[in-house]
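Here's the letter readout for the chains.
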Amino acid sequence: MTKLAQWLWGLALLGSTWAALTMGPTLGLELPLTCREVLWPLPAYLLVTVGCFALGTVGYRVATFHDCEDAALELQNQIQEARADLTRRGLRF
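Just so you know, these numbers come straight off a predicted model, no measurement behind them.

Caption draft 1: Representation of the UniProt feature "transmembrane region" (unreviewed entry) in the chain. Here, UniProt's "transmembrane region" (unreviewed entry) annotation points to residues 43-63. As annotated, residues 43-63 comprises 100% helix and 0% strand, and the C-alpha atoms at either end are separated by 30 Å.

Caption draft 2: Structural view of the UniProt feature "signal peptide" (unreviewed entry) in the chain. Within this structure's numbering, the places UniProt gives as "signal peptide" (unreviewed entry) are residues 1-19. End C-alpha atoms of residues 1-19 are separated by 25 Å, and the span's content is 89% helix alongside 0% strand.

Caption draft 3: Region of interest: helix α4 (residues 42-63). In this model α4 runs 31 Å from its N-terminal to its C-terminal C-alpha over 22 residues, within 8% of the 32 Å that 1.5 Å per residue would give. Counting buried residues along α4, only 0 of its 22 residues qualify, which leaves the element largely exposed.

Caption draft 4: Just a negative patch on the surface, in detail. On the surface, D67, E69, D70 and E74 cluster together into a patch of negative charge. The residue E69 is located in helix α5 (residues 69-88) in this model. When its relative accessible area of 53% is taken as the criterion, E69 is described as exposed.

Caption draft 5: The pattern of salt bridges, seen in detail. According to the stated counting rule, one finds 3 salt bridges in the structure shown. Measuring nitrogen to oxygen at the nearest pair gives 2.6 Å for the salt bridge that ties R88 to D85. Residue R88 and its partner D85 are both found in helix α5; the two are separated by 3 residues, about one turn of the helix. R89 is the salt-bridge partner of D85, the closest N and O atoms lying 3.4 Å from each other. Judged by its relative accessible area of 66%, R89 is exposed. What emerges from the salt-bridge pattern is a single network uniting D85, R88 and R89.

Caption draft 6: Representation of the side chain of T22. The topology assignment puts T22 in helix α1 (residues 3-22). Residue classification places T22 among the buried residues on the basis of a relative accessible area of 14%. A distance of 3.1 Å separates a polar side-chain atom of T22 from the backbone oxygen of A19. What T22 contacts, discounting residues up to four positions off in sequence, is L39 and W40.

Caption draft 7: Inspection of the environment of L27 at higher detail. Structurally, L27 can be placed in helix α2 (residues 24-27). Taking the C-alpha atoms as reference points, L27 and L55, 28 residues apart in sequence, are found 38 Å from one another.

Cut-offs and rules
- Residues numbered from 1 in each chain as written.
- Predicted model: local features only at pLDDT ≥ 70, side-chain atom pairs only at ≥ 80, totals over all residues.
- Heavy atoms only, no water.
- UniProt positions renumbered as here; feature names shortened; annotations may be inferred.
- Helix = DSSP H or I, 4+ residues; strand = E, 2+ residues; numbered from the N terminus.
- Expected span 1.5 Å × (residues − 1).
- Buried < 20%, exposed > 50% of the residue type's maximum accessible area, 1.4 Å probe, protein only.
- Patch = residues over 30% accessible without salt bridge, like charges linked within 9 Å, V, L, I, M, F, W, Y side chains within 5 Å.
- Areas by Shrake-Rupley, 256 points an atom, 1.4 Å probe, with all protein chains shown as cover.
- Salt bridge = Lys/Arg side-chain N within 4 Å of Asp/Glu carboxyl O.
- Lys, Arg positive; Asp, Glu negative; His and termini not counted.
- Charge placed at Lys NZ, Arg CZ, Asp CG, Glu CD.
- Polar contact = N/O pair within 3.5 Å; in protein donor to acceptor, adjacent residues only side chain to side chain.
- Contact = heavy atoms within 4.5 Å.

Shown next, in the form of structure tokens:
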């Protein structure tokens, strides 16, 4: 099973549970008023939570990104060679 399928199954499970609980009176399930007040905005809370988690993950990955010193030096050498070649061909920088 792919990761996308796992996420979709989890989302379907959570969505169907939420729908069953919010449609409780029509299904014969009566929840207290305080539970219903928390249950209605629950998808928005989950969306904000997932967004914060994603933003934190991206921030952490950027903060701990490893530089490739060898690749940077190689790229700088290639840029110098390209500039020298273009200067030899008549292009001025």
